[in-house]
Amino acid sequence: MPGKRHKHSKKGFSIHTSLLCLILSGSILTLFGILYVDNIPWHIGTLMIDKMAVNFGYHKPVYAIVIDAGSTGSRVHAFTFHESYIGSHLVLDKELFKFNKVGLSSFVDNPDEGAKSIDVLVEEAKNEIPREHWTNASLFLKATAGLRLLPADKAENLLHSVKTRLKQVPFITSEDAVGIMDGIDEGIFSWFTVNFLLGRINGNPANTVAALDLGGGSTQVTFAAIAPSSLIHKDRIHLAPSPKGNIPVYTHSFLGLGLKAARKKILTHGQKDSKNITSECVNHIITGRKFKYGNEIYYVSGPKVNFSTMNSKGQNEFWVDEEIPIVNMEKCNSIIKDFVLQNSKPPEELPNKVIFAFSYYFDRAAEAGLIDPLSGGRIKLEGFKNAAVDACTNPNADQPFMCLDLSFIWILLEYGLGLKLETPINLFKKIDGHEVSWALGAAYNFLNRVKY
């Protein structure tokens with residue numbers, strides 16, 4: 001009996017000791033939060049506290065699945081969050097990202113097949129999220145510029161087929177889970193994602209960065225609105241979510257100024273209604289190169305008469321003592337500049353912001369060798385201009401549209417958005433291991449709206 005009493009006493013002491021340690025830890029953490037959290041980036045403080053709380057086993061996952069049905073492909077993001085222990089906001093733990101390269105809008109005449117194309121992405125999400133949490137995970141699909149540019153009845157047929165198919169999945173899908181995302185929301189959520197991952201959403205708009213998203217069909221420009229020149233545009237001022245309250249942001253989506261949509265307009269400039277087109281923005285050596293956008297296919301060639309050349313001496317060892325064909329940049333850039341100026345208006349406050357650009361901005365910079373394709377980097381806007389000159393004066397049949405694309409990006413940023421050639425551009429595909437896109441912002445906003 002004495003031994004048993006001793007055993008129970010030891011167990012009770014252990015429990016009380018653990019509880020006391022937990023209480024003391026909690027008190028210290030609370031005091032730390034009260035005294036110091038405002039003096040350090042909120043995400044660092046929360047992550048420290050959350051990490052300790054998770055170590056105690058207090059960790060309840062929250063899941064959200066976002067399917068981004070873009071103009072040039074569909075992507076699935078399966079996010080795992082948990083609610084923070086100070087501030088009651090969501091903390092991102094991990095993310096699955098997978099994609100296919102066929103845009104939903106490509107199935108405009110076969111909506112059932114379009115819906116089936118999403119199946120593989122749903123399966124990826126099912127493999128990521130534990131089966132026991134499937135019925136607690138919210139899923140939604142939002143289409144972007146690819147469907148915005150379709151006739152309304154055709155877009156609706158596609159969405160109806162997707163809705164019908166997603167009713168069979170084990171995840172939570174609300175009545176409005178499938179639809180076309182407004183360009184405003186796309187801009188706001190992209191801005192949120194960048195600043196959330198950078199740890200800059202702390203209630204002070206001056207700490208945030210501008211987000212430039214170049215998609216296939218549209219481009220979005222979003223930044224915290226501080227200057228009167230931004231605030232007077234009431235139709236472009238919207239509230240973006242943050243853990244410390246909403247932040248007013250300037251956002252605008254330029255429909256048709258996405259890379260692929262712009263390429264189509266520039267290539268077909270001055271052309272008759274034909275699928276065989278000749279463009280001043282393509283090198284003479286290109287003949288009948290296929291270009292597909294949405295459900296339209298074009299065969300593109302460079303000019304066969306009156307095309308520009310450059311003496312190869314000192315330019316390229318493979319064209320010694322010959323006149324090499326080049327793109328006439330004066331003619332090409334005139335077409336691009338007219339197109340950009342007709343479809344954009346520079347936001348006056350943007351040049352004063354720290355600029356983060358992604359999507360096709362990142363892709364083309366990486367392909368041109370301006371940044372590391374894995375880690376990204378920072379360049380001056382002039383880097384895009386110089387890369388455009390290089391692509392236009394060096395024939396490359398493997399990249400027939402690189403001259404046009406880089407020229408468009410440079411002209412869009414300088415003349416369409418008002419940036420200077422010396423403006424630093426931060427180009428990243430991922431931040432802290434997570435994809436830069438509107439999906440994270442959309443998931444965060446949705447989960448907060450439904451209270452997880």
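Keep in mind that what you see is a predicted model, and the values were worked out from it rather than measured.

Below, the discussion takes up the environment of L419. Position of L419 among the secondary structure elements: in the loop between α13 (402-416) and β17 (424-427). Residues L419 and N352, spaced 67 residues apart in sequence, show a C-alpha to C-alpha distance of 9.1 Å. Aside from chain neighbours lying at most four places away, what touches L419 is L212, L350, P351, I355, L381, L413, E414 and I425.

Residues in a regular strand point their side chains to alternate faces of the sheet. Across the seven residues that make up strand β7 (residues 218-224), a large majority, seven, are buried. Taking every second residue as pointing to the same face, both faces of β7 are buried, with S218, Q220, T222 and A224 on one and T219, V221 and F223 on the other. As consecutive antiparallel partners, strand β6 (residues 210-214) and β7 are separated by three residues. When β7 meets strand β9 (residues 247-255), the two strands line up antiparallel, connected through seven bridges.

Turning our eyes to something else, we now look at the nonpolar core. By size, the foremost hydrophobic cluster in this structure holds 60 residues, and its most contacted members are L212, Y361, F384, F408 and L427. In terms of residue count, α13 provides more of this core than any other element does, 10 residues in total. Among all residues touching F384, those that are not within four sequence positions of it are Y361, A365, L370, I379, L406, I409, W410, L413 and L427. Residues V66, F140, F192 and W438 belong to the second largest nonpolar core, which totals 36 residues.

Our next topic: the sheet that holds strand β4 (residues 138-143). Read across the open sheet, the five strands follow the order β3-β2-β1-β4-β5; overall the sheet is mixed. Across the chains shown, the open sheet's two edge strands, defined by having one partner strand only, are β3 (90-100) and β5 (178-180). Between one strand axis and the next, the sheet turns through 20° on average, direction left out of account. As judged from the nine bridges shared by strand β1 (residues 61-69) and strand β2 (residues 74-83), these two strands associate in the antiparallel manner. Among the inter-strand pairings, P61 is bridged to a residue of β2, identified as H82. Strand contacts of helix α14 (residues 438-449): β1, β2, β3 and β4, with the helix running at about 130° to β1, the strand carrying the most contacts.

According to UniProt, the positions carrying the feature "binding site: ATP" (unreviewed entry) are G216, G217, S218, T219 and Q220. As for its position among the elements, S218 is in strand β7. Not counting the four nearest positions on each side in its chain, S218 is found in contact with A145, R148, E186, D213, S253, F254, L255, G256, L257 and G258. Only 3.5 Å separates the side chain of S218 from the side chain of R148, close enough to count as a polar contact. For T219, the position within the fold is in strand β7. Accessibility expressed as a relative area gives 0% for T219, which makes it buried. If we skip the residues at most four places from it in the chain, T219 touches D213, L214, H252, S253, F254, L257, G258, Y361 and L412.

What follows covers the side chain of T251. As for its position among the elements, T251 is in strand β9. Within polar-contact distance, the side chain of T251 engages the side chain of T222 at 2.8 Å. If near-sequence neighbours (up to four positions away) are discounted, T251 is found in contact with I184, G187, I188, V221, T222, R236 and H238.

Per-chain confidence: the protein chain averages 86 in pLDDT, with 83% of residues scoring 70 or above. The low-confidence segment residues 1-17, where pLDDT is below 50, has zero contacts with residues more than four positions distant or belonging to other chains. Segment residues 27-42: pLDDT under 50, and 15 contacts once partners within four positions in sequence are set aside and those in other chains are kept.

A few words on the environment of Y299. Note that Y299 resides in strand β12 (residues 296-301). We classify Y299 as partly exposed; its relative accessible area is 36%. Residues Y299 and I277, spaced 22 residues apart in sequence, show a C-alpha to C-alpha distance of 6.2 Å. Apart from the residues lying within four places of it in its own chain, the contact partners of Y299 are K275, N276, I277, G288, R289 and K290.

All told, the structure shown has two disulfides when counted by the stated rule. Between the sulfur atoms of C281 and its disulfide partner C332 the distance amounts to 2.1 Å. For the disulfide bridge between C281 and C332, the dihedral angle about the S-S bond is near 110°, and by the sign convention the bridge is right-handed. You can see C281 sitting in the loop between β10 (276-278) and β11 (289-293) and its partner C332 sitting in helix α10 (residues 329-342), a full 51 residues away along the chain. Each member of the pair, C281 together with C332, is buried. Note that C392 is cross-linked by a disulfide to C403, the S-S spacing being 1.9 Å.

Criteria and cut-off values
- Residues numbered from 1 in each chain as written.
- Predicted model: local features only at pLDDT ≥ 70, side-chain atom pairs only at ≥ 80, totals over all residues.
- Heavy atoms only, no water.
- Helix = DSSP H or I, 4+ residues; strand = E, 2+ residues; numbered from the N terminus.
- Contact = heavy atoms within 4.5 Å.
- Buried < 20%, exposed > 50% of the residue type's maximum accessible area, 1.4 Å probe, protein only.
- Pairing = 2+ DSSP bridges.
- Core = buried A, V, L, I, M, F, W, Y, C linked by side-chain atoms within 4.5 Å.
- Axes fitted to C-alpha atoms, helices over the stretch in contact; angles between N-to-C directions.
- UniProt positions renumbered as here; feature names shortened; annotations may be inferred.
- Polar contact = N/O pair within 3.5 Å; in protein donor to acceptor, adjacent residues only side chain to side chain.
- pLDDT = per-residue confidence, 0-100.
- Disulfide = S-S within 2.5 Å.

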